[in-house]
Amino acid sequence: MRLEGIHHITAITGDAPRNVDFYVGVLGLRMVKKTVNFDAPEVYHLYYADERGSPGSVLTFFEFPGAAPGRAGDGMVHRIGWRVAGEEALDFWTGRLDAEGHATQRADGSLRFRDFEGLEHELVVAGGEDPPLLAESDDVPADHALRGFDGVRAYAHDPSAGARLLEELALVPEGEGRWRAQGAQRHALYGHDPSPPERSVQGAGSVHHVAFASRDEDHAEWRLAATRGGARPTPIIDRQYFRSIYFREPSGVLFEIATLSPGFDVDESIDSLGEALALPPQHEHLRPQLERTLTPLPAPRTGRTR
Ligand code: ZN
């Protein structure tokens, strides 16, 4: 039994329209779901991904309008890695991000930058072993597009504390604090870095949790594996597009394990993903109110506010 890499990564934004502008308009991802936080339905939960909303490419944001800036520290994911095809793609992104006013840091085979709220991303040139997960964008040629997650890195003051749990989750140590979730279809890396002295602050531009992907038939078994690893997983929770369990990795990072099914086309067609406000049955009665109070967003396919 193996996890199929990362399913999704969830972060926090204080500004949903600018968030759409950046992730769709600049990074060229597709908005695949516009819904609300199921646990706090007065605010958005926005999902960006490849063209089909494939696990492995799904970056999501809880919107807390006007949220104070967060700061990645001990027990938090501080960097999100994405794969790109080659050095030419890094050249493209260096130019594109510069034109958009985002500073970049180029190294051999990688490019780091931050979004408008300080969330750090790294594009890495990765081999072609996993099928690329591409979104279609007028401004980003397919050759240069993001191809899905490579992994995440988190701050941990005692990385060895997580070893027993990560082993139970069938992650394989690769050295340099890095662990590999190698599924049959996809893989992803989970890494630890030494924590900075400053305390972590959950806020705008910070990562809330990382979700690994499970085949549906393995999901209950992963819950037992997490327990064996010393974690205290939640019961299985229905998240409409997947089913999930949540628990903390000993460093403090919130982990989720989400099923590959049913997927984001369970309540709208692939062609129209992200266009309408999607609400789960328990919140459907809030629709008239939410359509009045939620922040208006830019067009889902172009993302641009300016
Ligand atoms: Zn999640």
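Let me sum up the structure you'll find in this document. (Residues numbered from 1 in each chain as written. Predicted model: local features only at pLDDT ≥ 70, side-chain atom pairs only at ≥ 80, totals over all residues. Heavy atoms only, no water.)

**Describing the coordination of the zinc ion**
Right, so step 1: Only H8 (NE2), H209 (NE2) and E256 (OE) from the protein coordinate the zinc ion, and they sit 1.9 to 2.0 Å from it.
Right, so step 2: Along the chain, the residues donating to the zinc ion fall in the pattern H-x200-H-x46-E. In this pair, H8 sits in strand β1 (residues 6-13) while E256 sits in strand β16 (residues 254-259), placing the two residues 248 residues apart along the sequence.
Right, so step 3: Note on E256: relative accessible area 1%, which makes it buried. (Donors = N, O, S within 2.8 Å, 3.2 Å for Na, K, Ca; no water. Helix = DSSP H or I, 4+ residues; strand = E, 2+ residues; numbered from the N terminus. Buried < 20%, exposed > 50% of the residue type's maximum accessible area, 1.4 Å probe, protein only.)

**Description of the sheet that holds β16**
Right, so step 1: Ordered in space as β2-β3-β4-β1-β13-β16-β15-β14, the eight strands form an open sheet in which the pairing is mixed. In this open sheet, the two strands that pair with only one neighbour each are β2 (30-37) and β14 (237-238).
Right, so step 2: The pairing of β14 with strand β15 (residues 243-248) spans two bridges and is antiparallel. Residue pairing for β15: I237 is matched across the bridge by S244.
Right, so step 3: Its contacts with the sheet put helix α4 (residues 219-228) on β13 (207-214), β15 and β16, and the angle it makes with β15 is roughly 10°. (Pairing = 2+ DSSP bridges. Contact = heavy atoms within 4.5 Å. Axes fitted to C-alpha atoms, helices over the stretch in contact; angles between N-to-C directions.)

**Topic: the sheet that holds strand β7 (residues 110-114)**
Right, so step 1: A sheet is described by the order of its strands in space; here eight strands give the open sequence β6-β7-β8-β5-β9-β12-β11-β10, paired in mixed fashion. Strands at the two margins of the open sheet, each flanked by one partner only, are β6 (104-107) and β10 (172-175). The sheet shows a mean angle of 25° between the axes of neighbouring strands, direction not considered.
Right, so step 2: In this structure, β10 lies alongside strand β11 (residues 178-182), joined through three bridges in antiparallel fashion. Across the sheet, P173 pairs through a bridge with W179, a residue of β11.

**Structural notes on the pattern of salt bridges**
Right, so step 1: Per the counting criterion, the structure on display carries 24 salt bridges.
Right, so step 2: The salt bridge partner of E51 is R30, with a shortest N-O separation of 3.6 Å. Highlighted residues: E51 in the loop between β3 (40-49) and β4 (58-63) and R30 in strand β2, separated in sequence by 21 residues. This pair shows no difference in class: E51 is buried, exactly as R30 is. (Salt bridge = Lys/Arg side-chain N within 4 Å of Asp/Glu carboxyl O.)

**Things to note about the pairing of strand β5 (residues 77-84)**
Right, so step 1: The buried count for β5 comes to eight of eight residues, which makes it a mostly enclosed element.
Right, so step 2: The pairing of β5 with strand β9 (residues 149-156) spans five bridges and is classified as antiparallel. Residue pairing across strands places R79 opposite R153, the latter belonging to β9.
Right, so step 3: Bridge count for β5 against strand β8 (residues 120-125) is five bridges, and the pairing is parallel. Bridge pairing in β8 places I80 opposite H121.

**Structural notes on the packing of aromatic side chains**
Right, so step 1: Scanning all chains against the criterion turns up 15 aromatic pairs.
Right, so step 2: An angle of 70° between the planes, with centres 6.1 Å apart, marks the rings of Y48 and F61 as edge-to-face. In this pair, Y48 sits in strand β3 while F61 sits in strand β4, placing the two residues 13 residues apart along the sequence. In this structure, Y48 and F61 share a single accessibility class: buried.
Right, so step 3: Connected via pairs of aromatic rings, a cluster forms that spans F22, Y23, Y48, F61 and F113. (Phe/Tyr/Trp six-rings, centres within 6.5 Å; stacked < 30°, edge-to-face > 60°.)

**Things to note about helix α1 (residues 16-26)**
Right, so step 1: Of all the 11 residues making up α1, 10 are buried; the element is thus mostly covered by neighbouring parts of the structure.
Right, so step 2: Taken together, the buried positions of α1 are occupied by A16, P17, N19, V20, D21, F22, Y23, V24, G25 and V26.
Right, so step 3: Two or three places before R18, at the start of α1, stands the capping residue D15, its side-chain oxygen 3.1 Å from that residue's backbone nitrogen.
Right, so step 4: Phi turns positive, to about 80°, at G28, one or two residues after α1. (Polar contact = N/O pair within 3.5 Å; in protein donor to acceptor, adjacent residues only side chain to side chain.)

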